[in-house]
Amino acid sequence: MNRREILDWLKTEDADRLEELWKTADTVRRENVGNAVHLRGLVEISNICARDCGYCGIRAGNASVSRYRMTADEILDCARLAAGFGYGTLVLQAGEDHGIASAWLCGIIGSIKDETGLAITLSLGERDDADLVAWYRAGADRYLLRFETSNRELYERIHPPLPGRDSDRFQILGKLREIGYEVGSGIMVGIPGQTYDDLANDVMMFREHDIDMIGIGPYIPHPGTPLGREGDRHKAPDGEQVPADELTTCKVVALTRIQCPLINIPSTTALATINRAGGREHGLSRGANICMPNLTPRKYRELYEIYPSKASCGENADESNTRIKNQILALGRTIGT
Ligand code: 5AD
């Protein structure tokens, strides 16, 4: 598919044509990555963040957030849960918390590997090369860092760098690959100021860069953020602004599957949040092959509020696990082993 065709699909509202898109994406998914949905247990290990991203509820400037960092024992307990549920991978995610010391996390990675043998994915923001190397050597397998949008100007507006630093996520993704990590990235759909042209470029980027997993979620306004409060002022003109809705997110999931047949695509929590009744299922039947059940202890979940009303809030790990497995089986898919 060329850029023109992608753009055309992104703008279409024709229900019959869209049925055709969903069908094609689902077929490409089945033929290339099969019927299994792989489960990756998500542990939100800290909501402390040095950054001030315009969209994110746990940004440093949001003084109303109570901050936490899980202990090593709490993280290990989550790893045991993941192994018990039969998951293959544990994802350790946090704000950009520079209090997560290199050696401390190396110890945790080593213990998780020794005890459970789980694959370990890190999603800890833009960290120094030395940390990234140390964690890889300690046993981490993958790293997730969304580039959020390929429009540099929009990215800079919503994503201020640390003082005196540059924030170039494409450069970091290259570095991560060089170190040896499998690399995940992704975008938000419907950021105020994001145009259809931008979104078509994002989809083209997925193919150009050698990325193993792509997470695609709708942008959800958070009232504790500048973009959440004043997003309307930043919107692109009518007809150009990408809507932050389920339909557009699913189109991007489907187009990404068609463009990158072998890639891993999660059906994201953000998609399940904007349509609680069917968002996760729609993602899975329109190209996705991964789910990330939340394993974060209940008392911390509410505090990891990157956007409001996250679908995983108000449940514990057991409930998230059961609900997601049932949703997968009801679609006639199998659970990856
Ligand atoms: N709406 C949707 N997604 C968000 N993220 C952060 N804030 C929001 C928001 N308000 C996403 C970003 C980040 C990932 C961990 O969560 O894409 O990379």
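Everything that follows concerns the structure shown earlier in this document.
Let me begin by describing the structure that accompanies this report. Just so it is clear, the model here is predicted, and its values are computed rather than measured.

## Observations concerning the overall build of the protein chain
Next up, step 1: Within the protein chain one finds 14 helices and eight strands.
Next up, step 2: Radius of gyration (C-alpha) of the protein chain: 19 Å, near the 20 Å computed for a compact globule of 337 residues.
Next up, step 3: Going through the 337 residues of the protein chain one by one, you find that 57% of them count as buried.
Next up, step 4: Long-range contacts, defined as pairs at least 24 residues apart, comprise 77% of the intrachain contacts of the protein chain with a sequence gap of at least 6.
Next up, step 5: If you sum the accessible surface of the protein chain, you get close to 13,500 Å²; carbon and sulfur atoms cover 48% of it.
Next up, step 6: The distance from the centre of the 40 positive side-chain charges to the centre of the 48 negative ones in the protein chain is 2 Å.

## Observations regarding the site of the ligand
Next up, step 1: Near the ligand you find Tyr55, Cys56, Gln93, Arg146, Glu148, Met188, Pro218, Tyr219, Ile220, Ile306 and Tyr307, and these make up its full shell.
Next up, step 2: Between a nitrogen atom of the ligand and a main-chain N or O atom of Ile220, the distance comes to 2.8 Å.
Next up, step 3: About the coverage of the ligand: the protein hides 88% of its 400 Å² of free accessible area.

## Concerning the nonpolar core
Next up, step 1: Of all hydrophobic cores here, the largest spans 88 residues; its most connected members are Leu92, Leu122 and Tyr181.
Next up, step 2: In terms of residue count, helix H8 (residues 196-208) provides more of this core than any other element does, seven residues in total.
Next up, step 3: In terms of nonpolar packing, the next biggest core, distinct from the first, is built from six residues, Val91, Met213, Ile290 and Met292 among them.

## Overview of the environment of Asn275
Next up, step 1: Mapped onto the secondary structure, Asn275 falls in the loop between helix H11 (269-274) and helix H12 (279-285).
Next up, step 2: Separated by 35 residues in sequence, Asn275 and Lys310 have C-alpha atoms that sit 11 Å apart.
Next up, step 3: Leave out the neighbours within four places in its chain, and Asn275 touches Glu246 and His282.

## Things to note about a negative patch on the surface
Next up, step 1: Judged by side-chain charge, Asp14, Asp16, Glu19 and Glu20 come together as a negatively charged surface patch.
Next up, step 2: Examined against the element boundaries, Asp16 turns out to sit in helix H2 (residues 15-33).
Next up, step 3: Residue classification places Asp16 among the exposed residues on the basis of a relative accessible area of 65%.

## Structural notes on helix H7 (residues 169-179)
Next up, step 1: Within H7 the residues assigned to the buried category are Arg169, Ile172, Leu173, Leu176 and Ile179. The buried residues of H7 occupy one face: seen down the axis, they fall within an arc of 120°.
Next up, step 2: Next to the buried residues of H7 lie helix H5 (129-138), strand S4 (142-144), helix H6 (152-158) and strand S5 (182-189).
Next up, step 3: Backbone nitrogen of Phe170 and a side-chain oxygen of the N-cap are separated by 3.1 Å at the start of H7; the cap is Asp168.
Next up, step 4: Positive phi appears at Gly180, one or two residues downstream of H7, with a value of about 125°.

## Some thoughts on the state of the cysteines
Next up, step 1: Inspection of every chain in the model, using the stated rule, returns zero disulfides.
Next up, step 2: The structure places no disulfide on Cys250, whose sulfur is separated from the nearest cysteine sulfur, that of Cys291, by 13 Å.

## A short note on the pattern of salt bridges
In a structure, side chains of opposite charge can pair up when their charged atoms sit close to one another.
Next up, step 1: Counted under the stated rule, the structure contains 25 salt bridges.
Next up, step 2: Taking the shortest distance from any N to any O, the salt bridge between Asp77 and Arg80 comes out at 2.8 Å. With Asp77 and Arg80 both in helix H3 (residues 72-85) and three residues apart, the pair spans about one turn of that helix.
Next up, step 3: Asp77 sits in the partly exposed class, given a relative accessible area of 44%.
Next up, step 4: Arg80 gets classed as partly exposed once you look at its relative accessible area, which sits at 37%.
Next up, step 5: Arg165 is paired through a salt bridge with Asp128; the nearest N and O atoms lie 3.3 Å apart.

## What about the packing of aromatic side chains?
Next up, step 1: Inspection of the entire model under this criterion finds six aromatic pairs.
Next up, step 2: Seen in terms of ring centroids, Tyr68 and Tyr300 are 4.4 Å apart; in terms of plane orientation they differ by 15°. Their pairing is stacked. One end of the pair, Tyr68, is in the loop between strand S1 (36-46) and H3; the other, Tyr300, is in helix H13 (residues 298-301), and 232 residues separate them in sequence.
Next up, step 3: By relative accessible area, which is 5% here, Tyr68 ends up buried.
Next up, step 4: Ring pairs connect the aromatic residues Tyr136, Tyr143 and Tyr181, which therefore count as one cluster.
Next up, step 5: Here Arg17 stacks its cationic end above the ring of Trp9, 4.3 Å away from the centre of that ring.

## A look at the pairing of strand S3 (residues 119-123)
Next up, step 1: For S3, the buried fraction is high: five of the five residues fall into the buried class.
Next up, step 2: Residues Ala119, Thr121 and Ser123 of S3 are buried on one face, and the alternating residues Ile120 and Leu122, pointing to the opposite face, are buried as well.
Next up, step 3: On the question of chirality, the crossover connecting strand S2 (residues 89-94) to the parallel S3 by way of helix H4 (residues 102-116) is right-handed.
Next up, step 4: The sheet contact formed by S3 and S4 spans two bridges and is parallel. Bridge assignment links Leu122 to a residue of S4, and that residue is Tyr143.

## Focus: the packing of H4 against H5
Next up, step 1: The contact between H4 and H5 brings their axes to 9 Å, and the two run at 20°. With respect to H5, the axis of H4 lies roughly parallel. For the element pair H4 and H5, the recorded crossing hand is right-handed. Across the interface between the two elements, Ser102, Leu105, Cys106, Ile109 and Gly110 of H4 pack against Asp131, Ala134, Trp135 and Ala138 of H5.
Next up, step 2: Within the contact of H4 with H5, the residues separate by chemical class into six nonpolar, two polar and one charged.

Cut-offs used in this document
- Residues numbered from 1 in each chain as written.
- Predicted model: local features only at pLDDT ≥ 70, side-chain atom pairs only at ≥ 80, totals over all residues.
- Heavy atoms only, no water.
- Helix = DSSP H or I, 4+ residues; strand = E, 2+ residues; numbered from the N terminus.
- Rg over C-alpha atoms; globule rule 2.2 N^0.38 Å.
- Buried < 20%, exposed > 50% of the residue type's maximum accessible area, 1.4 Å probe, protein only.
- Contact = heavy atoms within 4.5 Å.
- Areas by Shrake-Rupley, 256 points an atom, 1.4 Å probe, with all protein chains shown as cover.
- Lys, Arg positive; Asp, Glu negative; His and termini not counted.
- Charge placed at Lys NZ, Arg CZ, Asp CG, Glu CD.
- Near = heavy atom within 4 Å.
- Polar contact = N/O pair within 3.5 Å; in protein donor to acceptor, adjacent residues only side chain to side chain.
- Core = buried A, V, L, I, M, F, W, Y, C linked by side-chain atoms within 4.5 Å.
- Patch = residues over 30% accessible without salt bridge, like charges linked within 9 Å, V, L, I, M, F, W, Y side chains within 5 Å.
- Salt bridge = Lys/Arg side-chain N within 4 Å of Asp/Glu carboxyl O.
- Arc of directions from axis to C-beta.
- Disulfide = S-S within 2.5 Å.
- Phe/Tyr/Trp six-rings, centres within 6.5 Å; stacked < 30°, edge-to-face > 60°.
- Lys NZ or Arg CZ within 6 Å of the ring centre and 35° of its normal.
- Right-handed = clockwise from strand over helix to strand, strands pointing away.
- Pairing = 2+ DSSP bridges.
- Axes fitted to C-alpha atoms, helices over the stretch in contact; angles between N-to-C directions.
- Parallel < 35°, antiparallel > 145°, perpendicular 65-115°, else oblique.
- Left-handed = near helix turned anticlockwise from the far one by under 90°.
- Nonpolar A, V, L, I, M, F, W, Y, C, P; charged D, E, K, R; others polar.

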